[in-house]
Protein chains: 2
Amino acid sequence: MAKKTKLKMIPLGGLHEIGKNMTVFEYGNNIILVDCGSAFPDEEMPGIDLVIPDITYLRKNKEKIRGIVLTHGHEDHIGALPYVLQEINVPIYGTRLTLGIVEHKLKEFHLQDIAQLRVVSPGDRVHLECFVVEFIRSNHSIADAVALAIHTPVGIVIHTGDFKIDTTPIQGEMIDLTRLGELGKEGVLALCMDSTNVERAGYTMSERTVGMSFRDIFKDCEKRIIIATFASNIHRVQQIIDAAARNKRKVAISGRSMINVISVANELGYINIPSNVLIDLEEINRYPANKVVLITTGSQGEEMSALTRMAFSDHKKVEITAKDLVVISANPIPGNEKLISRVVNELFKKGAEVIYESSLAEVHVSGHACQEELKLIMALTKPQFFVPVHGEYRHLCIHKELSELMGISPQDSFIMDNGKVLEFSFDSAKINGSVPAGKVLVDGLGVGDVGNIVLRDRKHLAQDGLIVAVISLSGDNGELIQEPDIITRGFVYVRESEDLMEQMRDVVCDAVFHSVNKKARDWNSLKSSVKNQLGQFIYDTTKRSPMILPVIVEI
Amino acid sequence: MAKKTKLKMIPLGGLHEIGKNMTVFEYGNNIILVDCGSAFPDEEMPGIDLVIPDITYLRKNKEKIRGIVLTHGHEDHIGALPYVLQEINVPIYGTRLTLGIVEHKLKEFHLQDIAQLRVVSPGDRVHLECFVVEFIRSNHSIADAVALAIHTPVGIVIHTGDFKIDTTPIQGEMIDLTRLGELGKEGVLALCMDSTNVERAGYTMSERTVGMSFRDIFKDCEKRIIIATFASNIHRVQQIIDAAARNKRKVAISGRSMINVISVANELGYINIPSNVLIDLEEINRYPANKVVLITTGSQGEEMSALTRMAFSDHKKVEITAKDLVVISANPIPGNEKLISRVVNELFKKGAEVIYESSLAEVHVSGHACQEELKLIMALTKPQFFVPVHGEYRHLCIHKELSELMGISPQDSFIMDNGKVLEFSFDSAKINGSVPAGKVLVDGLGVGDVGNIVLRDRKHLAQDGLIVAVISLSGDNGELIQEPDIITRGFVYVRESEDLMEQMRDVVCDAVFHSVNKKARDWNSLKSSVKNQLGQFIYDTTKRSPMILPVIVEI
């Protein structure tokens, strides 16, 4: 490799957004991929199930890719794997729990047999051609998370993945600050760091504080306790199980993803369930209220989740009553506030006691580092260059400002964007060019077949509905053979709008009459004049703009 | 009136929701209406502009209604007036600013000439047949708000409207606690109180604290300052103008509703603008950055608002640069979090400094009372019965619990619902029956013509789009005359899905062929078999369920 070869860092997701994290590191003929995440669709994407990164660049450079390295098992870091793997089947490296969760996911796509999963442990170093990837123990809201030190021909790049500093973690140890400090002494070329919580001053509390709240809540509680939390938060689940066992309560699990993750974690020994504690959901009614705890999904008020179904009396096995204490052990992900609020109101209607965001009890802590933790990592690693990642634009800006406080000069810190190429030599860094990047929408089985036009039409249809005008014309003279038919959906309640329907038919007749007189058989111009005239009439009459579809049948 | 006549309190809106506040008080042949508000549509109501209460009950009892009494000029208290007034034209009582805003609104509907607006002042008592309505000075995030003491034949009912206790208000005086205390001594039958902030402990800060933050922000600031806030918050606007004048800055106003409210407030003397401070928006570029303040709408990230257009470079007169400091002087209304976050990110991209929710500066305070204030009002008025109003279900429950702390026994406090009838005698209260109540949706010019079926169709269309199958059949033998035509919108990108389109045509042909063989000319059964077979095929192929519209043309 020529001396002048540059290391390229190319984020394909995770910049200017929270979600679908994926970063390319490229040196000469070698590429490694850090994480392979998906994102949730936003309100501008009706009907979409999932968003994944555009991997055009990976597709074009397939033969260079040496492996995919995973930092942890959250969807925004592994959710795109089933889609990427179908095109790019390279070895996947991750810790035991991370790959346990990946394996489970791949089974749903019948991909488990083709996948090359390689388990690593914190402290391990993996050689991938010119890269050596070192896995560093970390703390996050899922067990077995790691940060990465990527040893490259031009220097060491540290990628934190998602992290916090937890001095009293539930299982395992604190993030390996010593190793990060050693790397700092050795010399770190660049630090790529999680920006999710950069707006918050101070420190993120330890996961253990939530356990102390659970202890208080469980003590002398005579009610059945139902706790909703993120399925992947194994440590939260462990603390609930511990509190239950201490109080001689049985634990039942509800919600598909909760059952999946707990069974994977249990198989792999990441969760410690005392014998005789777990009971089947069917059995809960055999025990008195104060002898049962239910751990469930639905902490975000998701429509089909177990807790939501319980709240709306739509769950087959669990009925909420005044004998229940429901704890929502999570903060709302932005955008979910109203969904959660709806569920809380329903729980109150059933007479349940509810501990949620507005309550004083500390029943949730974040998994992401706040400002003081971020500064600590900068101080330990002393990077030459700084690249804030995992954040919306404002998070990246604020993170850059924070790095200035730590002595990193503004020209050495880079606000990247998905697709932008950041080139490093051993003593320089600059943004140089870009590669294709963006959102690929997954809708049902379709990957990428829903784009802007389809979304625009969906939003238009949602706003004011649809009017189909069926026009049967004579092939001989282009005249109407029968009265136009008007079909509407999502526009008005037709039975109470007969007059309007009649008027619309008249407008269409009129449009056809005049159009035919001008230019017979030019169906396109006829269509657009029906669209315009009917559209204008409807807007004048109702101030609405439904989608208008003229259908011409030539006979 | 017979001694046994009961006072009825019937909320038609504002219960189990935040918004569209409207309450009926009825005694014998007399009705008064407190407030007449609208609500914002939620995500379950695509395309809807506004939600107003169902006024069937008022329509039926038209001749009994003696007047509409308004507590203040916010949309959730006056927004339904233009619609209600067209059917029920009774005198409307409110303070000067409230009616100034109402008048402006009625002009947009060309109703100003028929409306009977009656200005009152705090302290006034208005006789409406058997009711005497006393207007009591209050504090809220809009000037000239009042609480009501409704003197009825069975006792005094206090309705707080929206309120807080501000010991240092910007204009006028503190809420008239003395008068509330006097009424308490006299004996209060029932207290109906604002529940919006009941989840929050402590006190709501004074509006004046925001002014102190503005003072700090303006001091030595070399940037142009742009402040977004609620148009109706006259006191906030006053404080911005004061800070500007003190710092020799000119003030320009942007956003239609901001201009409207400020001009009404200015005309009526509710705002004090020193001469030579106000400039036209066109003129801002004639002044150096540190000599200008812009007050704008858009604090909720609303799509068409002035601030959003500025952020997205879509505003004709204002361009955001690194020389701008943008202050978002408002908290997100639940559901608007992501909209605001999007605007903040865009402002950061333009290099602007932004002070927003996550910043440490206190640039907003609520207009609603927290727990300690609510308790104070209970302690002063000592009501026999308590009715928490203006809140979602959980707010009402928590408010009821709070009232228990204050010595009101649970059976004397009532969790109402829209349409429920609460009957009072001088020493008793009970829920007895109900009247029609609910949501009436306003879409363009249509009021109530969009109901559940139309909304369901809009949501269906938004999820997976639409497929129209045009089938031309012979009137003689019911056979296909030409190949079916398939039109899709919001389903897939058609140009890249030719195969799928071809297969869909085949499925339709097949359905017609088999259906015709079975039962010729039964177009309804043909339609449903096309729907079923095409729907099943599409689901199996794509895991999507678009709306399917078979159009049959008989020739």
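Residues numbered from 1 in each chain as written. Chains lettered and ligands numbered in written order. Predicted model: local features only at pLDDT ≥ 70, side-chain atom pairs only at ≥ 80, totals over all residues. Heavy atoms only, no water.

Asker: I would appreciate a short explanation of the overall build of chain A in the present structure.
Answerer: On a plain count of helices and strands, chain A comes out with 15 helices and 25 strands. Each principal axis of the C-alpha atoms in chain A carries an extent, and together these give about 85 × 75 × 45 Å. Sorting the 555 residues of chain A into buried and exposed places 59% on the buried side. Considering only contacts in chain A between residues 6 or more positions apart, those separated by 24 or more positions represent 72%. When the accessible area of chain A is evaluated, it comes to approximately 22500 Å², of which 48% is carbon and sulfur surface. Charge centroids of chain A, computed over 61 positive and 72 negative side chains, lie 3 Å from each other. (Helix = DSSP H or I, 4+ residues; strand = E, 2+ residues; numbered from the N terminus. Buried < 20%, exposed > 50% of the residue type's maximum accessible area, 1.4 Å probe, protein only. Contact = heavy atoms within 4.5 Å. Areas by Shrake-Rupley, 256 points an atom, 1.4 Å probe, with all protein chains shown as cover. Lys, Arg positive; Asp, Glu negative; His and termini not counted. Charge placed at Lys NZ, Arg CZ, Asp CG, Glu CD.)

Asker: I keep staring at the packing of helix α13 (residues 452–464) of chain A against helix α13 (residues 452–464) of chain B and nothing clicks. Help me out?
Answerer: In helix packing, the relevant descriptors are the interaxial angle and the interaxial distance, both defined with respect to the helix axes. With their axes 8 Å apart at the nearest point, α13 of chain A and α13 of chain B run at an angle of 180° to one another. Here α13 of chain A lies roughly antiparallel to α13 of chain B, going by the angle between them. For the pair α13 of chain A and α13 of chain B, the contacting residues are Arg458, Leu461, Ala462, Gln463 and Asp464 of chain A in the first and Arg458, Leu461, Ala462, Gln463 and Asp464 of chain B in the second. Of the residues contributing to the contact of α13 of chain A with α13 of chain B, the split by class is four nonpolar, two polar and four charged. (Axes fitted to C-alpha atoms, helices over the stretch in contact; angles between N-to-C directions. Parallel < 35°, antiparallel > 145°, perpendicular 65-115°, else oblique. Nonpolar A, V, L, I, M, F, W, Y, C, P; charged D, E, K, R; others polar.)

Asker: So what exactly am I meant to see when it comes to the state of the cysteines here?
Answerer: Think of a disulfide as a covalent bridge from one cysteine sulfur atom to another cysteine sulfur atom. Residue and element names in this part refer to chain A. Under the counting rule described, the total for this entry stands at zero disulfides over all chains. Free of any disulfide, Cys36 has its nearest neighbouring cysteine sulfur in Cys192, separated by 17 Å. A residue is classified by how much of its surface remains accessible, and Cys36, at 0% relative accessible area, is buried. The cysteine Cys370 is free of any disulfide, with Cys397 supplying the nearest cysteine sulfur at 19 Å. Looking at Cys370, the relative accessible area reads 4%, which means it is buried. (Disulfide = S-S within 2.5 Å.)

Asker: Looking at this structure, how should I read the relation of the copies chain B and chain A?
Answerer: Superposition of the two copies of the chain requires a rotation about an axis and a shift along the axis. When chain B is fitted to chain A, the residual RMSD is 0.1 Å, and the transformation amounts to a turn of 180° plus an axial shift of 0.0 Å. What the superposition gives is, in effect, a two-fold axis relating one chain to the other. Closest to the rotation axis within chain B is the C-alpha of Ala462 of chain B, separated from it by 2.5 Å. (Least-squares fit on C-alpha atoms with pLDDT ≥ 70 in both.)

Asker: Teacher, can you tell me more about helix α6 (residues 207–218) of chain A here?
Answerer: Along an α-helix, residues three or four positions apart point the same way, because every turn accommodates 3.6 residues. Residue and element names in this part refer to chain A. Taking 1.5 Å per residue, twelve residues should reach 16 Å; α6 reaches 17 Å between its end C-alpha atoms and fits that length. Taken residue by residue, α6 has Glu207, Val210, Gly211, Ser213, Phe214, Ile217 and Phe218 as its buried positions. Across the axial projection of α6, the buried residues extend over an arc of 160°, all falling on one side. Against β13 (224–228), α7 (234–246), β15 (292–296), β16 (324–328) and β17 (353–355) lie the buried residues of α6. At the exit of α6 stands Asp220, carrying a positive phi of roughly 60°. (Expected span 1.5 Å × (residues − 1). Arc of directions from axis to C-beta.)

Asker: Would you take a moment to explain the sheet that holds strand β11 (residues 155–159) of chain A for this structure?
Answerer: Pairing between sheet strands relies on hydrogen bonds along the backbone, with the strands arranged either parallel or antiparallel. Residue and element names in this part refer to chain A. With respect to topology, six strands assemble into an open sheet ordered β8-β9-β10-β11-β12-β18, the strand pairing being mixed. One side of each edge strand has no neighbouring strand; the edge strands of this open sheet are β8 (125–128) and β18 (385–389). Across the sheet, the mean angle from the axis of one strand to that of its neighbour is 20°, orientation sign disregarded. In this structure, β8 lies alongside strand β9 (residues 131–137), joined through four bridges in antiparallel fashion. By the bridge assignment for β9, Arg125 is matched with Glu134. The sheet strands contacting helix α5 (residues 177–186) are β8, β9, β10 (146–152), β11 and β12 (188–194), and the helix crosses β9 at an angle near 140°. Contacting β12 and β18, helix α12 (residues 393–405) runs over the sheet at an angle of about 150° to β18. (Pairing = 2+ DSSP bridges.)

Asker: Teacher, can you tell me more about the side chain of Thr542 of chain A here?
Answerer: Note that Thr542 of chain A resides in helix α15 (residues 523–542). A distance of 2.7 Å separates a polar atom in the side chain of Thr542 of chain A from the backbone oxygen of Ile538 of chain A. Each residue touching Thr542 of chain A, except ones within four places of it in the same chain, is listed here: Phe491 and Leu500 of chain A together with Asp443, Gly444, Leu445 and Gly446 of chain B. (Polar contact = N/O pair within 3.5 Å; in protein donor to acceptor, adjacent residues only side chain to side chain.)

Asker: Would you mind going over the sheet that holds strand β5 (residues 65–69) of chain B with me for this structure?
Answerer: Residue and element names in this part refer to chain B. Spatially, the eight strands line up as an open sheet ordered β7-β6-β5-β3-β2-β1-β19-β20, and their pairing is mixed. One side of each edge strand has no neighbouring strand; the edge strands of this open sheet are β7 (117–119) and β20 (429–434). Each adjacent strand pair in this sheet contributes to an overall mean axis angle of 25°, direction not counted. Sheet analysis places strand β19 (residues 420–424) next to β20, joined by four bridges and oriented antiparallel. Paired with Glu423 across the two strands is Lys430, which belongs to β20. Seen against the sheet, helix α4 (residues 96–108) touches β6 (92–94) and β7 and runs at an angle of roughly 160° to β7.

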